[in-house]
Amino acid sequence: MSRRGCPLPQSFADVERVAETLVQKGVRVWLFGGWAEERLGLTEPREHGDVDFLYVADDFDRLDGVIARQGWPLEKHLPHKRAVRLEGLTVDLFLVRRDGAGYYSEFDGRHHRWPDDVVSDESRLPVASTASVGGFRAAFERLLEEQRRQQKPAREDCLSADELGLLAAVIERLVPSDDHGPGAREANVLRYLEQALAGEYAEHVEAYRDGLVLVEERARSTYGPGFRALGGDEQDDVVAWLEGTAPGFFELLLRHVREGMFGDPRWGGNDGFAGWILLGYPGPRPVWTADEQQLDVQPAPTYPAPGR
Amino acid sequence: VSERAPEADVALIGIGAAGGVAAHVLTEAGLEVAALEAGGRVGSTMAAHDELQNDVREWLSNAKSRAEVPTWRSHPAEEAGPAPFPMLMVNAVGGSAVHYEGASLRFLPWHFRSRSRTIERYGQGAIPTGSTLTDWPLTYDELEPYYEHVEVTIGVSGRAGNLGGTLDPSGNRFEGPRNREYPLEPLRPTGWTGLMSSGARNLGWHPFPVPAAINSEPYAGRPACTYCGFCRHNVCHVNAKGSPDVSLIPAAESTGLLRIETEARAIRIEVDAHGLTRGVTYLKDGRERFQPARAVLLGAFLYENVRLLLRSTSKSFPHGLANNHRQVGKHYMAHACPFAFGLFPGRGLNRWNGSGGQIVCVDDWNGDNFDHEGLGFLGGGVLMAMNEVKPIMAATDPLPPGVPRWGSGWKAWLKENAQSVGSAFGQFEHLPYEDNVLDLDPVARDGTGLPRVRVTHRIGENERRGWDFLMRKLREWLAASGATETWAQAGIFLDGRHPAGGTRMGDDPETSVVDKYAFAHEVPNLGVLGASTFPTVGGHNPTLTVQALAWRTSQHLVDSWCARSRAASDVTVSKGA
């Protein structure tokens, strides 16, 4: 769970400070994950990449409000989890809900049932109960084992083929191929995104990955099949939902898609000058004469533009 | 113990728009100058006609300067976060003037006297509560000769609107009287700026071409602009832009008196036992070095000026250099820039080209050029319409209400209208306020581990009303020029690239940091260059005023230096230790 480049907390004092900050803002949390294991004596002290907390509520609405008001930098926005930057640490907050049978959480589409004593600790730095921390660890190990069996290597630094396929489907809704001309597919906006994410935009890979999870979960929970299997209108509904629900990721994606659609082709997108033709942009030229700067003049494009 | 560079007469921190002028004036007078520049050298061969590289990824504002961008909050009770407004700046020889569009307007005479003129015309009650609005400690007339020196030296293309009191309707009739005409004819108008000029005249307004530090014809050994359309966020590909790296610095270097240390990050201005500066400690190649000097001119961008002073603590200056009166960081301001858009159905506005300096301006709603009675705000700002639209920008600009932002509907709209969207923007002058301040962020650090500047800035009622007013004028202008539909960008957009204040210039050490020549009240051999000294932000682009003040400050240093040398020509100057 450790993230490269993030400073690691060194002591429980750091963790306590984070917990106090959260409590001061009315967010009650129980320590969980590696730090809780250490606190409960389940493991030897070791380095931790982030701090995990359980957060008991029906949904994230109130927490999202606090995060927005405080201006805490949001690192992850997932159905079951929020990650914020706090006191120099990455702080993961897992949503724990309650129904007639007790406490439960949804992790990546899996249902996890918590022991009844999960949030019974009332101390200054409340820790989730031993049974819940240990039990989750056991379930997590089982999951890892299952994934290892399925031979799905976790790729950290770039999107998987599956993720790229889903991304292609999403951006084709943003700039569809239609009667008005070629879209993101023909302009190869995906190639632009891939190259950008492998270089200058590498810091955004995680946001893309998380955003794509949201898209796929929404498609499955609303329509059953995954996003790629949906019809255009249904896909548009999911994209519109994304726009309203995860504006951070959506705006980032839309910005990058415009770059790939309308930027210079040397960056990997705008194949066939599709974006420039759509806008009627005549292309860069080092010298413009006075005549060429007049109204209603359409100088010949500086790129091959068939049919225009 | 840090390495010691050879002593210079003057250590100059930052060699950009202001520092370039200082280097020119000081070396002309025979002074030895050591310039510490945090960036490297850029040049025309690095220019690219590529929107992604220039405007989107802002290659000139490299990762280093990005890491120094101040944090932002709108209230002292908040934690500061990333700035919601653009604040990028260039670290390079030539500074941010390398990538500007050269707009070189003088401030209006009113801008130097806005407090007293407001009280005269509207009464004391017109000054908003909490505003620290003040007159400048100098007048337009005192700065006029320095404006002229800069215009002639860097090459400004324009048309005088007030030549010694004679008004010329093809220039800006609202400008203060000028002693001479611009050295270069204005940049040529385009179809679009011509259309907007007609629209302004239809309304009875007084349009004029922006004066720009861009050669309309060959000048000073540099060629004329080719109107390529990639001026902004870019080095000029033919050196037609009068940025200091091509207009001022080469000649200064050729005197042999200017030594530029690039990639040199000033981290502390040092003082001696008498509280005078004795030089600058800087980081280069990971090592601390010391540049001894008999005077220091601090000419970095505003945020860095404030940061360096606050970080330069010593026994004599426990709160930061020149800050014993706790004035450093106060009165932060910026321009608020409303953008309005208009649809000219069926017209090919052909804005895909041109210098960013091909701008038509209107000053009818700037300063006190109109009656503010009952409007509920002071001041105003210049309105501008320009060429240099690029494709990603055209696809990103706000859309009229009801047009989708993605999907087939969006594509259809772009295909139909991308050629026919016009826009205009304003630069509303924010007032200074007691609570709008800069200090050091207790948490955020830059790439070298030094604290970043933290902005605390609230947009006041005066500013909201002024914004709305200019926005209405912009839409009126577009409509009068033929737009059938106009729309406004949402929210209030503050341009952190046009900031002012932080080291206010004034006569009273209790309420200002530097005197009327921009030397620190508390540290007589420390001068501060740049918009950080502006008592008010003015309703025009700041660069020319920054440069005129830098000229005046440098000239003052030269004059006092000569006077002292004459008085003590036999005294051996101690190098100190």
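Residues numbered from 1 in each chain as written. Chains lettered and ligands numbered in written order. Predicted model: local features only at pLDDT ≥ 70, side-chain atom pairs only at ≥ 80, totals over all residues. Heavy atoms only, no water.

Novice: Hey, could you go over the sheet that holds strand β20 (residues 451–456) of chain B for me, with residue numbers and the actual values?
Specialist: All names here are of chain B. Read across the open sheet, the four strands follow the order β5-β4-β20-β19; overall the sheet is mixed. The open sheet has two edge strands, β5 (81–82) and β19 (437–445), and neither has a second partner. Bridge analysis of strand β4 (residues 71–73) against β5 gives two bridges, and the strand direction is antiparallel. Residue pairing in the sheet places T71 in a bridge with P82 of β5. Lying on the sheet, helix α9 (residues 302–311) is in contact with β19 and β20; it crosses β19 at an angle near 75°. (Pairing = 2+ DSSP bridges. Helix = DSSP H or I, 4+ residues; strand = E, 2+ residues; numbered from the N terminus. Contact = heavy atoms within 4.5 Å. Axes fitted to C-alpha atoms, helices over the stretch in contact; angles between N-to-C directions.)

Novice: Go over the packing of aromatic side chains with me, naming the residues and quoting the values.
Specialist: Working definition: an aromatic ring pair is given by the centre-to-centre distance plus the angle between the planes. Under the criterion given, the structure shown has 36 aromatic pairs over all chains. Geometrically, the ring pair formed by A:F32 and A:F94 is edge-to-face, given 6.1 Å between the ring centres and 75° between the ring planes. Of this pair, A:F32 sits in strand β1 (residues 29–32) while A:F94 is found in strand β5 (residues 89–99), placing the two residues 62 residues apart along the sequence. Members of the aromatic cluster, joined through ring pairs, are B:W205, B:W365, B:F370, B:F377, B:F428, B:F469 and B:W477. (Phe/Tyr/Trp six-rings, centres within 6.5 Å; stacked < 30°, edge-to-face > 60°.)

Novice: How would you summarise the interface of chain B and chain A if you had to cite specific residues and measurements?
Specialist: In this complex, chain B contributes 43 residues to the contact, which on the side of chain A involves 53 residues. Between the two partners, chain B and chain A, sit six salt bridges. Taking the shortest distance from any N to any O, the salt bridge between A:D178 and B:K411 comes out at 2.9 Å. Across the contact surface, chain B and chain A share 29 residue pairs in polar contact (both at pLDDT 80 or more). Contributions of two or more residues to the side of chain B that touches chain A are made by α2 (51–56), α6 (191–202), α10 (391–396) and α11 (408–417) of chain B. Looking at the side of chain B that touches chain A, the element that brings in the most residues is α11(B), giving six residues. Tallied by class, the residues present in the side of chain B that touches chain A amount to 17 nonpolar, 17 polar and nine charged. (Salt bridge = Lys/Arg side-chain N within 4 Å of Asp/Glu carboxyl O. Polar contact = N/O pair within 3.5 Å; in protein donor to acceptor, adjacent residues only side chain to side chain. Nonpolar A, V, L, I, M, F, W, Y, C, P; charged D, E, K, R; others polar.)

Novice: Any chance you could break down helix α5 (residues 161–174) of chain A for me, citing the residues and the numbers?
Specialist: In this model, α5(A) (14 residues) spans 20 Å end to end at C-alpha, consistent with the 20 Å of a helix rising 1.5 Å per residue. Most of α5(A) is tucked away: ten of the 14 residues are buried. By the burial criterion, the buried members of α5(A) are A:E163, A:L164, A:G165, A:L166, A:L167, A:A168, A:A169, A:V170, A:I171 and A:L174. Structurally, α5(A) contributes buried residues whose contacts are with α6 (189–197), α7 (205–223), α8 (232–245) and α9 (247–262) of chain A together with α11 of chain B. (Expected span 1.5 Å × (residues − 1). Buried < 20%, exposed > 50% of the residue type's maximum accessible area, 1.4 Å probe, protein only.)

Novice: Describe in detail the environment of B:R504, supporting the description with residues and values.
Specialist: Residue and element names in this part refer to chain B. Here R504 is to be found in the loop between β22 (494–502) and β23 (526–528). By relative accessible area, R504 is classed as buried at 7%. For the pair R504 and V528, spaced 24 residues apart in sequence, the C-alpha separation works out to 9.7 Å. Apart from residues lying up to four places away in sequence, R504 is in contact with T132, T134, H331, P432, T511, S512, V513, V514, S532, T533 and P535. Here T132 takes part through its backbone oxygen, which lies 2.8 Å from a polar atom of the side chain of R504.

Novice: Go over the environment of B:P391, please, and point to the residues and values.
Specialist: Relative to the assigned elements, B:P391 resides in helix α10. Separated by 339 residues in sequence, B:P391 and B:L52 have C-alpha atoms that sit 9.9 Å apart. Once residues lying within four places of it in the same chain are set aside, the contact partners of B:P391 are A:F262, A:W276, A:L279, A:Y281, B:E51 and B:W352.

Novice: Go over the environment of B:G40 with me, naming the residues and quoting the values.
Specialist: All names here are of chain B. Tracing the backbone shows G40 in the loop between β3 (33–36) and α2. Residue G40 is classed as buried on the basis of its relative accessible area, which comes to 16%. Between the C-alpha atom of G40 and that of N91, which follows or precedes it by 51 residues, the distance is 7.2 Å. For G40, the residues in contact, after removing those within four places along its chain, are N91, A92, V93, T262 and E263.

Novice: An account of the pairing of strand β17 (residues 421–426) of chain B is needed here, citing residue identities and associated values.
Specialist: All names here are of chain B. Along β17, six of the six residues are buried, which leaves the element largely enclosed by surrounding structure. Here β17 shows a buried face lined by V421, S423 and F425 and a second buried face lined by G422, A424 and G426. Taken together, the five bridges between strand β14 (residues 339–343) and β17 define a ladder with antiparallel strand orientation. The partner of L343 across the bridge, within β17, is V421. Pairing analysis gives two bridges linking strand β16 (residues 383–386) to β17, with the strands arranged antiparallel. Within β17, the position partnered with M384 by the bridge is F425.

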